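# A structural walkthrough
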Amino acid sequence: MYEKLVRQGNAVYEIDEECIRRKERAERRQAEREKPPERKKLQK
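Residues numbered from 1 in each chain as written. Predicted model: local features only at pLDDT ≥ 70, side-chain atom pairs only at ≥ 80, totals over all residues. Heavy atoms only, no water.

## Here's the deal with the pattern of salt bridges
Opposite charge on two side chains permits pairing when their charged atoms draw close. Operational definition: Take a side-chain nitrogen of Lys or Arg and a carboxyl oxygen of Asp or Glu: if they are within 4 Å of each other, that pair is a salt bridge. Every helix listed is a DSSP run of H or I at least four residues long, and every strand listed is a run of E at least two residues long, numbered separately from the N terminus. The classification of residues rests on relative accessible area computed with a 1.4 Å probe and restricted to protein chains. Under 20% of the type maximum is buried, over 50% is exposed, and intermediate values are partly exposed.
Within this structure, the stated rule accounts for 3 salt bridges. We note a salt bridge from Lys4 to Glu17, for which the minimum N-O separation is 3.6 Å. Of this pair, Lys4 sits in strand E1 (residues 3–8) while Glu17 sits in helix H1 (residues 17–34), and the two are 13 residues apart along the sequence. For Lys4, a relative accessible area of 42% translates into the label partly exposed. Residue Glu17 is classed as partly exposed on the basis of its relative accessible area, which comes to 26%. Among the salt bridges present, the one from Glu18 reaches Arg22, with a minimum N-O distance of 3.7 Å. Highlighted residues: Glu18 and Arg22, both in helix H1, separated by 4 residues, approximately one helical turn. Residue Arg22 is classed as partly exposed on the basis of its relative accessible area of 43%.

## Looking at a nonpolar patch on the surface
Applied cut-off: Only residues whose relative accessible area exceeds 30% and that form no salt bridge enter a patch; like-charged residues are grouped when within 9 Å of one another, and nonpolar side chains (Val, Leu, Ile, Met, Phe, Trp, Tyr) when within 5 Å. The protein chains shown are the only cover counted for residues, whose accessible areas, like all others here, come from Shrake-Rupley with a 1.4 Å probe.
Judged by side-chain polarity, Tyr13, Ile15 and Ile20 come together as a nonpolar surface patch covering roughly 250 Å² of accessible area. Within the secondary structure layout, Ile20 lies in helix H1. Of the residues examined, Ile20 reaches a relative accessible area of 38% and is grouped as partly exposed.

## Description of the pairing of strand E2 (residues 11–16)
Worth spelling out the cut-off: Paired strands are those between which DSSP finds at least two bridges.
Here E1 runs beside E2; their pairing, made up of 6 bridges, is antiparallel. Bridging across to E2, Arg7 finds its partner in Val12. Here E1 folds back onto E2 in antiparallel fashion, the turn holding 2 residues, of which Gly9 has a positive phi close to 60°.

The following block contains the structure:
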């Protein structure tokens with residue numbers, strides 16, 4: 001598990017990079033599902 005520490009003022013945040021990647025992948029898959037299907041062009 002890869003984690004990153006981010007310090008802002010007196011606060012320290014622990015970022016789980018693996019979790020971020022899973023979330024981004026799920027968002028991309030969702031966007032692909034919502035995209036309208038491509039139409040095939042007719043050849044003359």
